There are 2 protein chains.
Amino acid sequence: MGKGRVTVIDIAKAAGVSKSTVSLVLQASPLVNESTRTKVNAVMRELGYVYNRGAANLRQANARSKIIGIVVNDLTNSFFAELAVGVDTVVQSAGFVQFLSNTSESIDRQREVIASMREHGVSGLIISPARGTEAVDLKPLVMAGIPVVLVVRNIPGAKVSSLVSDNHAGTFAAVEHLAALGHSRIAFVGGFPDTAVFDERLGGYRDAMSKTGTGFQEELVVSSAPSRAGGVDALARAMAMPEPPTAAVCFNDAVAFGVCDGLRARRIEPGKDFAVVGFDDVIEAKTTVPALTTISVDPQGIGQRAAQMLLKQINAGKPEAESAVSSVRLIVRESCGAAMNKPGRRMA
Amino acid sequence: MGKGRVTVIDIAKAAGVSKSTVSLVLQASPLVNESTRTKVNAVMRELGYVYNRGAANLRQANARSKIIGIVVNDLTNSFFAELAVGVDTVVQSAGFVQFLSNTSESIDRQREVIASMREHGVSGLIISPARGTEAVDLKPLVMAGIPVVLVVRNIPGAKVSSLVSDNHAGTFAAVEHLAALGHSRIAFVGGFPDTAVFDERLGGYRDAMSKTGTGFQEELVVSSAPSRAGGVDALARAMAMPEPPTAAVCFNDAVAFGVCDGLRARRIEPGKDFAVVGFDDVIEAKTTVPALTTISVDPQGIGQRAAQMLLKQINAGKPEAESAVSSVRLIVRESCGAAMNKPGRRMA
DNA sequence: GTTAATAATTGGAACGTTCCAACTTTGTCA
DNA sequence: TGACAAAGTTGGAACGTTCCAATTATTAAC
């Protein structure tokens, strides 16, 4: 009611016990008598007591707080939103609470939010680093012994855990599938060339193309921003070639959607006259028309797994860096044309 | 380096001053001599000092922490992701940090995360309440004097601030536009009937329809889950009518996308043979094919404005509830057919 | 050269909790 | 009855910071 918040001492007075006893009740200690416990609990409810984690956390300097931080580089991309949801579910059920911040690919912002999280005493951090993040940026965290799990993008040289998806295997499988459908001019579309993820996905594409009859050709790689608009743009450049491609492996689903938009604008029907494969399997992929054939990476699953890795490190005491690769799989839907052309069609 | 974290006292010792002086430096007080300040700052950097907000917050019981909480009911909906980004930008630049949690429409979860945020001493809360939230659920917050701003969904009887978009005006404008294009059988598609937002949007639709020649007809209201899949489903029911509609005002953009999917599956081209209008103007609305005519509500803008309302309350000391309505506007693109049929076309 | 004002610094108390060691009460056993 | 153990309970110290009143060093004014 009044100004001052109600503290453990107020409860103690009202219940006729000592503050220590109240503290024991708070921690569900078996030491306290059942009748005392119920009385204290009743008083707490009555007075509207709220636990002050700040104070508790201050006292137990050994154990850290029950906060875990998650830093993503683009929350408006639904991939990251779903990742955050995945993290939230496991973190929440472990009694932690999540601090989420968005860096919008800004290194400065990223430094700020990480500093802020440290000030609040996070127990651990899940980071999808902004473009251009270097190992030295994470140095203070590992020096302080704060567990960190990098997701989506790894950073060479940083001695922290990481969980990335198997980008190479994903695009490799996509090319193999398209080649099996009879395509030979398969383009690699979208993405910024200066990123590790791009390199890996391009690598899978290159290796698979090299195995085919026509082999890898540099000109079939058309980069762009990793967005829907970027996909529209890249497709325009691809179709302007003397001998345009008949299929595209896209950097991600957003690009793939853009490619479909661009095709339709040219009166080319994706999944019929041209094959499109995405990467990520975002929620919209299965409901859009035509349903997108894509590489499934299960963002929520990655979030959950990353959170589990982090919790393991937190509980282990000393952070033991661990690198994991999340496997991917090809989900065949309509945009690659498989469902329509082939008699023995595979459906997802 | 070692076990114990470095504190203000370590800094004081190393710099040859008192802890009080270090504290003053931390607060950028003008009282401290310039040379002392620089020396202290240097020592802080050298020893890798990190500020302990928990301790600071404990002392200044009057002022609350620099945390604001944001609770959304569905983070995978990009509308809310963008809203969160909007909040983040203004909150961050005011020196606060944001605690984000997702309730997935679960009241229990919502109660948990709000309790957790209180324990961490949030200064204020921005809440997009889960379905079924009642005024009594917010009671403890207003009793504790914690500023709250409700967004998207208002709760009758809760004495807290709110910021909702002008749902009535939005659907009203949509119907008017479609009527002007010559449609008379206009359906209202999607959304759960037991929500305030649904009522408001339906109300705008009903009032506008009453003004037209044919008037409002109950059968043209087809509800469904407010998702893409829901849209597909609702459209199927609408087209099964003896006299199917020729246009649809959709509960939100997700439903509108589903409606477009459903139309295509029936070989009906949205924007040509059938007019579709959405609600929200999510990012994908302008890039999809056909580009979606929709009611723009600018989720990031709402997030920013909500954050400003909240900060105002926090700074004001005593929370003064304030209700605001965010205006909306019709963005005419292709899915309503206006761009193709009319000579004097309006483009957004 | 004294006083007053100003600038800079400081030690101690306080915030709300947990931990520890000590204490009281009750029961058990010889 | 006394010794001992077990079960509950408790006061004080500590965590890292900020605030306050008090102190010292410096400068200004007469």
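All of the points below concern the structure found in this document. (Residues numbered from 1 in each chain as written. Chains lettered and ligands numbered in written order. Predicted model: local features only at pLDDT ≥ 70, side-chain atom pairs only at ≥ 80, totals over all residues. Heavy atoms only, no water.)

Overview of the protein's contact with DNA strand D
Turning to step 1, where the next piece is worked out: The environment of DNA strand D is formed by 26 residues, the closest being Ser20 and Arg59 of chain A together with Val8, Ser23 and Tyr49 of chain B.
Turning to step 2, where the next piece is worked out: Close to the protein, within 4 Å, the atoms of DNA strand D are drawn from sugar and phosphate at a rate of 62%.
Turning to step 3, where the next piece is worked out: Contact between DNA strand D and Ser20 of chain A: a base oxygen at 2.7 Å from a side-chain N or O atom of the residue.
Turning to step 4, where the next piece is worked out: The separation between a phosphate oxygen of DNA strand D and a polar main-chain atom of Asn33 of chain A is 3.1 Å.
Turning to step 5, where the next piece is worked out: Among the elements of the structure, helix H2 (19–26) and helix H4 (53–59) of chain A together with helix H2 (19–26) and helix H4 (53–59) of chain B are those that each provide at least two residues to the surface near DNA strand D.
Turning to step 6, where the next piece is worked out: When residues in the surface near DNA strand D are grouped by element, the largest group, four residues, is from H2 of chain A.
Turning to step 7, where the next piece is worked out: In terms of residue class, the surface near DNA strand D is made up of 10 nonpolar, 11 polar and five charged. (Near = heavy atom within 4 Å. Polar contact = N/O pair within 3.5 Å; in protein donor to acceptor, adjacent residues only side chain to side chain. Helix = DSSP H or I, 4+ residues; strand = E, 2+ residues; numbered from the N terminus. Nonpolar A, V, L, I, M, F, W, Y, C, P; charged D, E, K, R; others polar.)

Some details on the interface of chain A and chain B
Turning to step 1, where the next piece is worked out: The interface is formed by 42 residues belonging to chain A together with 41 residues belonging to chain B.
Turning to step 2, where the next piece is worked out: Carbon and sulfur atoms supply 58% of the area that chain A and chain B bury against each other, a total of about 4,000 Å² over both sides.
Turning to step 3, where the next piece is worked out: The interface formed by chain A and chain B contains four salt bridges.
Turning to step 4, where the next piece is worked out: Between Arg109 of chain A and Asp88 of chain B there is a salt bridge, with its nearest N and O atoms 3.8 Å apart.
Turning to step 5, where the next piece is worked out: When residues of the side of chain A that touches chain B are traced back to their parent elements, those giving at least two are H4, helix H5 (78–93), strand E2 (97–102), helix H6 (107–119) and helix H11 (253–265) of chain A. (Contact = heavy atoms within 4.5 Å. Buried area = accessible area lost by both parts, 1.4 Å probe. Salt bridge = Lys/Arg side-chain N within 4 Å of Asp/Glu carboxyl O.)

Some details on the protein's contact with DNA strand C
Turning to step 1, where the next piece is worked out: Among the 26 residues in the neighbourhood of DNA strand C, the closest are listed as Val8, Ser23 and Tyr49 of chain A together with Thr36 and Arg59 of chain B.
Turning to step 2, where the next piece is worked out: For DNA strand C, the fraction of protein-proximal atoms (within 4 Å) that sit in sugar or phosphate groups is 62%.
Turning to step 3, where the next piece is worked out: At 2.6 Å, a side-chain N or O of Ser23 of chain A approaches a phosphate oxygen of DNA strand C.
Turning to step 4, where the next piece is worked out: For DNA strand C, a phosphate oxygen lies 2.5 Å from a polar atom in the side chain of Thr36 of chain B.
Turning to step 5, where the next piece is worked out: Of all the secondary-structure elements, those providing two or more residues to the surface near DNA strand C are H2 and H4 of chain A together with H2 and H4 of chain B.
Turning to step 6, where the next piece is worked out: At four residues, H2 of chain B tops the list of elements feeding residues into the surface near DNA strand C.
Turning to step 7, where the next piece is worked out: Per-class residue counts for the surface near DNA strand C are 10 nonpolar, 11 polar and five charged.

Some details on unusual backbone geometry
Excluding glycine, most residues fall at negative phi; most peptide bonds, likewise, are trans.
Turning to step 1, where the next piece is worked out: Positioned with a positive phi, Val152 of chain A is a non-glycine residue whose angle comes to about 70 degrees.
Turning to step 2, where the next piece is worked out: Structurally, Val152 of chain A can be placed in the loop between strand E4 (148–151) and strand E5 (161–165).
Turning to step 3, where the next piece is worked out: You will see that Asp280 of chain B, though not glycine, has its phi angle at about 130 degrees, which is positive.
Turning to step 4, where the next piece is worked out: Relative to the helices and strands, Asp280 of chain B resides in strand E9 (residues 275–280).

A short note on the packing of aromatic side chains
Turning to step 1, where the next piece is worked out: Tallying each qualifying case throughout the model produces 11 aromatic pairs over all chains.
Turning to step 2, where the next piece is worked out: Between the aromatic rings of Phe188 of chain B and Tyr205 of chain B, the centroid separation amounts to 5.4 Å while the plane-to-plane angle is 45 degrees, which identifies the pairing as tilted. Taken as a pair, Phe188 of chain B in strand E6 (residues 186–189) and Tyr205 of chain B in helix H9 (residues 196–211) lie far apart in primary sequence, 17 residues in all.
Turning to step 3, where the next piece is worked out: The class for Phe188 of chain B is buried, based on a relative accessible area of 0%.
Turning to step 4, where the next piece is worked out: With 6.1 Å between their ring centres and 80 degrees between their planes, Tyr205 of chain B and Phe216 of chain B make a pair best called edge-to-face. Residue Tyr205 of chain B is located in helix H9, and its partner Phe216 of chain B is located in the loop between H9 and strand E7 (221–222); the two are separated by 11 residues in the primary sequence.
Turning to step 5, where the next piece is worked out: On the basis of relative accessible area, Tyr205 of chain B is assigned to the buried category, the value being 0%.
Turning to step 6, where the next piece is worked out: On the basis of relative accessible area, Phe216 of chain B is assigned to the partly exposed category, the value being 25%.
Turning to step 7, where the next piece is worked out: The aromatic ring of Phe279 of chain A is capped on one face by Arg201 of chain A, whose charged end is 3.7 Å from the ring centroid. (Phe/Tyr/Trp six-rings, centres within 6.5 Å; stacked < 30°, edge-to-face > 60°. Buried < 20%, exposed > 50% of the residue type's maximum accessible area, 1.4 Å probe, protein only. Lys NZ or Arg CZ within 6 Å of the ring centre and 35° of its normal.)

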